[in-house]
Amino acid sequence: MPTKQQLDKAAWQWAETTDPIDITNEHIRTAYKLNLKPCKLGACKRNCKGNPFCINCIGERKWFGEINDDSWHDIEDPNNERRQGQDFVGLKNLGNTCYVNTFLQLWFHSPPIRQALYKFRETDMIDKVGDEWKPNSIGGHLQAIFSLLELSERAYISPQDFIDHLGLDAALQQDAQEFSKLFLSLLEDCLSQQQDPTVRNIIQDQLCGEYAYVTTCSGCHNSSQTHSKFYELDLHIQGHKTLEDSITDFLHEEKLEGDNQYMCSTCCRKQNAKRAIQLKRLPPILNLQLLRFVFDKKTGHKKKLNGFIQFPETLDMSKFMNSNGNLTCENSSAKDGCIYKLKAVLIHRGPSAYSGHYIAHILDESSGVWYKFNDEETTKMKGSNLHLGTEEDLQETSAKQKGKVPKGYHSSRNAYMVVYTRDVPPEEKDKTIDMKIPDKSYLPEYMSDYVKKDNEKFEMWVAELLMMREQNIETGKKKQEDIRQTFSQLVVGEEDQESHNYEWISLPWLTHWLEDPGKARSVDNEASLCQHGKLHPDKAGKMKCVQYDAVDGLYEKYKGGPRLPGDKATCLICVQSRCKVIRTKRKMVEDEKLFSTMKKVEVSPNEPAFWVGKSSLRSWKRLVLEQLEDFREDRESIEQGTDNGVDQQEQPSGTTEIAADKSMEVPEDANDFDEKRKSTELDNGDNTVDKADISVTNESMESSLQFNEDLLCEFHGQLDPDPSCRKLIPADLWNRLKEYFPDCPEFPSSHEVCQKCCDKNKEETENQNMNKKLAQVQKADLADLFNDRKRPVRLVTGEEIFVVNAQFVEDWRHFVKDPSKFEPVSEVKNTRLLCEHRKYLYPPPQNGADLSDNTEVIYLWPSEFEKVMEHFVVDYEVSVVKYEEEDGSDHVITLPEVCEECVKERENMIEMAKYVYRDATVFVRKAVKDKQGDTSTENSKQDYPDPDFCTNDRRKSECDEPPEKLQKMDGNAVRKSQRHRKVRGEKELKVSSDQTLRDLKLQLMKLFSVPPFDQNLSIAGVPIKDDKATLGSLRVAPGDIIMLQADEPVEDPGVLQDLMNVSGVPEAGFKGTGLLGKLN
């Protein structure tokens, strides 16, 4: 099959030699390519774009190939959620409930506690449970979770009922250590109502220990003890490297001296004393809370301590026990009771106390294997290494930070709780509970029934999903067979072509139908119709011919239309129009060569010639084609580039090879109006660039003009006097152009230009000359005022200085610089310098020392003011005089006098407006403390500004103004630049007056990595405080330099984002939940 370009050329080749009125049906069939041989199904490796009878490779291949069964459904294998063998069961994270899940797994893996919970009995016991049954107590819910964790067939279970019963917000992450304390207290209260003592006392027996606060008088050495129970020891880790150090710190001796002396009952007076905690009795399960989350008084928020702590696999507590307690460690048997083995490590991943994730590493005592419990996932750890390094934050931890870890120890920067269990002597190991074998005899019948029903629900759910998968696969395969059969029937055979038994249908619709038949919209052939309601020949490339009878099924199912049956859908009128365009373009190609030659020939004075617009001559081919209505319509449709309402860019990737049939491409020289013209045309060898060649770059204006209308004057429709917009061409060239544009304006070389425009141009020229002379005279008379030099900068006693409005001087300077562009200034409007009382509003300084600060007025010497009076009308004379009083003091007066009331009101308004702004720039410099504690800006150690802000390597002058801008003041003083000088480390910030100081601090946190609570801001040494106040109310103005002094940096920059999200409202904690209420 020839290429599409070859087929496109052959389809219209006949038009070059055929007159439009002589077109036959055979010509029409050739134009629509209906004379091509149909392609058989599967015969082409790619779609034959130029053949309407080829529907290969438009997306049908996936239906005729093998389709994987998984493609027919999006249902994951439900067996993936089935418990594998004897693996432990996970717990679903309901949002932010990972902290609850870790403790549930910890308590489940304590054999005594789990055994006691199995013996728990609800007050209203039943034999069987219904589908909607739920426990009504904390003990019952915990029993249900433990039962499912041991006996469920699921890979993980949901603690939703447990969370709901406690009234916890699943979306809110809470303090894990606080949860542990509150829940154990609640659970102990619930179990205390049980009759079985092994259940009633399980928390006391397993988790409760005892210590005493011992105070010893330094005078009589008498000791007093206050005993207290504990369920966990809260150990400080800040400043400690090992767990033993933290325990030692917990038991350290405190001296009571000075104002804190101890009132001794024996000595009957206050005495120096020593106070310490002494451990009296240790529980079998020793919970050690590492106080990683602490309250920061400075910030008012919690923060996480990310320091490393080392803890041993075997913990010997005998060295921490007191011999006077119930447990003595003097003999080996008692010492054995003080040996503890590491049972669990609870981890918090994340740098902040307000976000992160909780997981647990727990030892399975029956197998001696460590497991990691991460919500739904339970992973068996390899070897005895807990791999705690893999639970650290994303940033890598150096060995120096972690320190050397001795053998038998573990180290973590994220562990917030470690659990130890008392080492069981060899003679008692036979009494331990085998966790691998669930003791169903202890579970109540209703709980066994509850677990059984849950497993049945799971099996039913698995079966239903598997059935749905099979049904979807079966439906998909049937769908595939239907698509195969339907598509095979759409192929047009040679017999169908001869009998005209075929129909046109949108190719984009076919590709979308093959992509997903279930999402296919109704058939839409409207985009391919011409204005006569038939198939446009240029849109035939976006259509395909399909078997007439087979396509009935598609229209019956998807509706739409209009239907375009075979030869009857072709349009004779459109073919004739296109034939006319082709013939015209062929003639244009021949004429273009002639025009190119004739334009270079100079026109002799006696030879007949005509004026033609340069823009028209340059774009004559485009204007010719635009006259052809059919061509203009085709361009619009091609530019839209849409089919069936679907943009071509959204075509499926498999159909990118299918494109519109552009058999009638516009030549490059006919498209020059779509490009920016950068070249200029030379007129008869003249090397100057015509103004018209520059103005014609406005495409919209040029395209709206008809041929030769660009040489008409704007207002009168006559020949434009401006010769730069037109060109003289020979009569032969003009006659050729007239064949294309018979109705265009015609101007022989002898035709007169528009007289009205000539008169107007003459008048404008005279006015411009007058303005130039006037500007020269005024500039010569007021040269110093124009150049802003030798200005009055201070008042001299006895000399009168005159005042004019600054806007007048600005407008006058514009006029003098370019009198052809700006109108002359005729009046000095000084009334705007006066108030409603006709008094002066802009008083000079009382001593008249500096007149340069006021930007609203310009001061003139008397000689200058005389010249101003000569050239302009001054509506009100204003002057300033300085005179000496009898006592020798200077006094300044103005004529007219100053209105003090209005001046004050104006200054107040200016001051108020100064603090109302939006997106204004302020500058922030960070101050740092050196080793001696002195505060300085970051650039203060430099001798000169940062070279990044200099234009060259030399130091910039103290004054940025050019020499002519400087004026001596009081001897050595100079007027310095008002432009801001940027220094190293300074940041620019866009702010608005209505934003609060807290908003500004959050912006600064992103720039300098300093949290808001560490920022101390000031302007000119004045602190700015009150985070809730707006910048306008704090008198922060645009251009201000804000000094930022930072307190000690935060330990981990990762907490900055969390602090931005923390509300100023005090934390509610577990307020409103069942943990603080009275639950059964």
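Quick notes on the rules
- Residues numbered from 1 in each chain as written.
- Predicted model: local features only at pLDDT ≥ 70, side-chain atom pairs only at ≥ 80, totals over all residues.
- Heavy atoms only, no water.
- Helix = DSSP H or I, 4+ residues; strand = E, 2+ residues; numbered from the N terminus.
- Buried < 20%, exposed > 50% of the residue type's maximum accessible area, 1.4 Å probe, protein only.
- Contact = heavy atoms within 4.5 Å.
- Areas by Shrake-Rupley, 256 points an atom, 1.4 Å probe, with all protein chains shown as cover.
- Pairing = 2+ DSSP bridges.
- Axes fitted to C-alpha atoms, helices over the stretch in contact; angles between N-to-C directions.
- Arc of directions from axis to C-beta.
- pLDDT = per-residue confidence, 0-100.
- Salt bridge = Lys/Arg side-chain N within 4 Å of Asp/Glu carboxyl O.
- 1 Å grid on protein atoms, 1.4 Å probe; cavity = no way out; pocket = protein on both sides within 12 Å on 5 of 7 lines; lining within 4 Å.
- Points joined across faces, edges and corners; volume = space filled by probe spheres on them.
- Nonpolar A, V, L, I, M, F, W, Y, C, P; charged D, E, K, R; others polar.
- Polar contact = N/O pair within 3.5 Å; in protein donor to acceptor, adjacent residues only side chain to side chain.

J.: I'd like a rundown of the overall build of the chain, residues and numbers included.
T.: Looking only at helices and strands, the chain features 31 helices and 44 strands. Out of the 1080 residues in the chain, the part that is buried amounts to 45%. For the chain, long-range pairs separated by at least 24 residues make up 75% of all intrachain contacts whose partners lie at least 6 apart in sequence. About 58,200 Å² of surface is accessible on the chain, with carbon and sulfur atoms providing 48% of the total.

J.: Any details on the sheet that holds strand β3 (residues 209-217)? Residues and values, ideally.
T.: On the basis of which strands lie adjacent, the open sheet formed by four strands has the order β4-β3-β9-β6 and antiparallel pairing. Of all the strands in the sheet, the pair left with one neighbour each is β4 (223-230) and β6 (254-256). Averaged over all pairs of adjacent strands, the angle between their axes in this sheet comes to 30°, without regard to strand direction. Inspection of the sheet shows β6 paired to strand β9 (residues 273-281) by three bridges, in the antiparallel sense. Bridging across to β9, Lys255 finds its partner in Lys274.

J.: Any details on helix α28 (residues 862-871)? Residues and values, ideally.
T.: For α28, the set of buried residues is Glu864, Phe865 and Val868. The buried residues of α28 occupy one face: seen down the axis, they fall within an arc of 100°. Facing away from the buried side of α28 by more than 90 degrees, the exposed set consists of Glu866 and Glu870.

J.: Lay out the confidence of the model for the chain with the relevant residues and their values.
T.: A residue-level look at the chain finds 80% of positions with pLDDT of 70 or above and a mean pLDDT of 80. Across the chain, the secondary-structure element scoring lowest on mean pLDDT is strand β28 (residues 646-647), at 36, and the one scoring highest is strand β1 (residues 90-91), at 94. The low-confidence segment residues 393-397, where pLDDT is below 50, has 10 contacts with residues more than four positions distant or belonging to other chains. Per-residue pLDDT stays below 50 along residues 938-976; that stretch engages in 45 contacts with residues further than four places along the chain or on separate chains.

J.: With reference to specific residues and values, describe the sheet that holds strand β35 (residues 878-884).
T.: By way of backbone hydrogen bonds, the strands of a sheet pair with one another, either parallel or antiparallel. Taken in spatial order, the four strands make up an open sheet running β33-β31-β35-β36, and their pairing is antiparallel. Single-partner strands in this sheet number two, and they are β33 (857-860) and β36 (890-895). For this sheet, the mean angle separating the axes of adjacent strands, direction not counted, is 25°. Alignment of β35 against β36, held across six bridges, turns out to be antiparallel. Residue pairing across strands places Glu884 opposite Asp890, the latter belonging to β36.

J.: Give a description of the environment of Ser192 that names residues and reports values.
T.: By the secondary structure assignment, Ser192 is in the loop between α8 (176-191) and α9 (197-200). The exposure class of Ser192 is partly exposed, given its relative accessible area of 39%. Each C-alpha atom, one on Ser192 and one on Ile202, is 9.2 Å from the other, the two residues being 10 residues apart in sequence.

J.: Run through the pattern of salt bridges, naming residues and quoting values.
T.: Enumeration over the complete set of coordinates arrives at 31 salt bridges. In this structure, Glu365 engages Lys343 in a salt bridge whose closest nitrogen and oxygen atoms are separated by 3.3 Å. Of this pair, Glu365 sits in the loop between β16 (357-364) and β17 (369-374) while Lys343 sits in strand β15 (residues 339-349), placing them 22 residues apart in sequence. You can call Lys343 buried: its relative accessible area is 3%. In this structure, the salt-bridge partner of Arg918 is Asp994, at a minimum N-O distance of 2.8 Å. Taken as a pair, Arg918 in the loop between α29 (900-914) and β37 (920-929) and Asp994 in the loop between β41 (987-991) and α30 (997-1008) lie far apart in primary sequence, 76 residues in all. Under the relative-accessibility criterion, Arg918 is labelled exposed at 57%. For Asp994, a relative accessible area of 46% puts it in the partly exposed group. By sharing partners, the salt bridges in this structure join Lys587, Asp591, Arg736 and Glu739 into a single network.

J.: Provide a residue-level description of empty space enclosed by the protein, including the pertinent values.
T.: Taken as a whole, this structure holds six cavities of 30 Å³ or more when the rule is applied. The space that makes up the largest cavity amounts to roughly 60 Å³. Looking at the largest cavity, it is lined by 12 residues, and the ones nearest its centre are Lys49, Gly50, Pro52, Ala540 and Gly541. Here the lining of the largest cavity is composed, by residue class, of five nonpolar, three polar and four charged.

J.: Would you mind going over the side chain of His73 in detail, with residue names and values included?
T.: For His73, the position within the fold is in the loop between α3 (61-64) and β1. In this structure the side chain of His73 is engaged in a polar contact, spanning 3.2 Å, whose partner is the backbone nitrogen of Ile75. Setting aside chain neighbours within four positions, we find His73 in contact with Arg469, Asn472 and Ile473.

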